[in-house]
Amino acid sequence: MARQGKLVLPNSEGMNFVPVEVEKPAPVAQPFATPCSSTLDVIKGDVTVRLDAATPASRIAEIARALTK
């Protein structure tokens with residue numbers, strides 16, 4: 001567009017260009033794979049309560065309190 005006069009360029013007198021060097025990106029550490037389970041076990045002695053992993057924390061706390069009585 002500049003060659004056709006359709007683009008106005010700023011006055012570049014006195015401007016210098018510098019070479020750009022692109023380096024390879026540093027390797028990124030991958031997170032450790034963690035085993036995923038859809039259940040949560042609350043264990044007290046010989047009693048195990050298996051809950052869905054999406055169980056709200058308040059419900060888990062209620063169950064844990066009940067197991068201590």
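This one's a predicted model, so the numbers in the text were calculated from it and none came from an experiment.

Let us now look at the pairing of strand S2 (residues 47-52). Of the strand pairs in this sheet, strand S1 (residues 39-44) and S2 are connected by six bridges, and their pairing is antiparallel. Within the sheet, the bridge partner assigned to Lys-44 lies in S2 and is Val-47. Between S1 and S2, which pair antiparallel and follow one another directly, the connecting turn spans two residues, one of which, Gly-45, has a positive phi of 65 degrees.

Once that is clear, we can look at the pattern of salt bridges. Scanning all chains against the criterion turns up two salt bridges. Asp-41 is the partner of Arg-50 in a salt bridge, and the nearest nitrogen-oxygen pair spans 2.8 Å. On the basis of relative accessible area, Arg-50 is assigned to the exposed category, the value being 57%. The class of Asp-41 is partly exposed, set by a relative accessible area of 35%. The partner of Glu-62 in a salt bridge is Arg-59, and the shortest N-O contact between them spans 2.9 Å. Remark: Arg-59 and Glu-62 occur in helix H1 (residues 57-67); sequence separation between them is three residues, near one turn of the helix.

Calculation notes
- Residues numbered from 1 in each chain as written.
- Predicted model: local features only at pLDDT ≥ 70, side-chain atom pairs only at ≥ 80, totals over all residues.
- Heavy atoms only, no water.
- Pairing = 2+ DSSP bridges.
- Helix = DSSP H or I, 4+ residues; strand = E, 2+ residues; numbered from the N terminus.
- Salt bridge = Lys/Arg side-chain N within 4 Å of Asp/Glu carboxyl O.
- Buried < 20%, exposed > 50% of the residue type's maximum accessible area, 1.4 Å probe, protein only.

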